[in-house]
Amino acid sequence: AALQRASQLAEQAELGSLREKESAELAEVKEAALEELRGRVEELEAEAAQTVRAHNKEMDKLRKTFLNENKSAAQKGKKMVQMLQQERDRLLQESEEEAQRLEEEKEALRAEMERRLQEQGAEAEARLEAALSRLQDDRRQLSQTYEGRLAELQAQVGGLEQQLEEATS
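Just so we're clear, the structure is a prediction, and the values are computed from it rather than from any experiment.

Q: Just checking my understanding: could you explain the overall build of the protein for this structure?
A: Scanning the protein from N- to C-terminus turns up 3 helices and 0 strands. Across the protein, helices and strands are ordered from the amino to the carboxyl terminus as α-α-α. Whereas a compact globule of 169 residues would reach a radius of gyration of roughly 15 Å, the protein reaches 44 Å, over 25% beyond that. Projecting the C-alpha coordinates of the protein onto the three principal axes gives extents of approximately 140 × 60 × 15 Å. For the protein, restricting intrachain contacts to residue pairs at least 6 apart in sequence, the fraction spanning at least 24 positions comes to 75%. Split by element, the accessible area of the protein, about 13600 Å² in all, is 51% carbon and sulfur.

Q: Help me understand the side chain of Glu98 in this model?
A: Note that Glu98 resides in helix H2 (residues 71–120). Excluding anything up to four places from it in sequence, Glu98 contacts Leu142 and Tyr146.

Q: For this particular structure, what's the right way to read the environment of Ala54?
A: For Ala54, the location among the structural elements is in helix H1 (residues 2–69). Look at Ala54 and you get partly exposed, because its relative accessible area is 46%.

Calculation criteria
- Per chain, the residues get numbers from 1 upward, laid out in the order the sequence is written.
- With the structure being a predicted model, the display of local features is reserved for residues of pLDDT at least 70 and the display and counting of side-chain atom pairs for 80 or more, all residues being used for whole-chain, interface and lining totals.
- Only hydrogens and water are set aside; all other atoms, that is, all heavy atoms of the structure, feed into the side-chain values.
- Only DSSP runs of H or I reaching four residues or more are called helices, and only runs of E reaching two or more are called strands; each is numbered from the N terminus.
- C-alpha atoms define the radius of gyration in this analysis, and the globule rule sets the expected value at 2.2 Å times the number of residues to the power 0.38.
- The contact definition used throughout considers only heavy atoms, calling two residues in contact when any of these lie within 4.5 Å.
- Computed with the Shrake-Rupley method and a 1.4 Å probe, the accessible areas treat only the protein chains shown as cover for residues.
- Relative accessible area decides the class of each residue, using a 1.4 Å probe on protein chains only: under 20% of the type maximum gives buried, over 50% gives exposed, and in between gives partly exposed.

Given below as structure tokens:
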């Protein structure tokens, strides 16, 4: 029994020794793999840094070229924006004047229709409503026309202002 026990202890010691040896070999393999990975990471980081530097240098060249080529374009853009703003202001003024004129015409027409209504009764009232409706439709159409043109001009001005900002930034 003592011999069997001694044999078992020897086997366990041998297994323990093999396990320690395997663990040490595994640790060495892991350490070698980590070193290899660290080296590769350093290489990749160096390549990435070099690529970023080259890209930044190229971007600086392009930015300088762009700014040099677009100074006069920016000035022309400013003039165009000013002209478009003046056109927009003129169209706004015209539309306001036209709206005022239409309002005055509507009031004059209403007063005339009311006078006729008193003279002609119910038949005249129906014609008044039809005329007012046409007048409102005309006014609405005219207003839409001016609003459409104004929206186009504002979109053009906005686009030019954006181009100007991009050109000057």
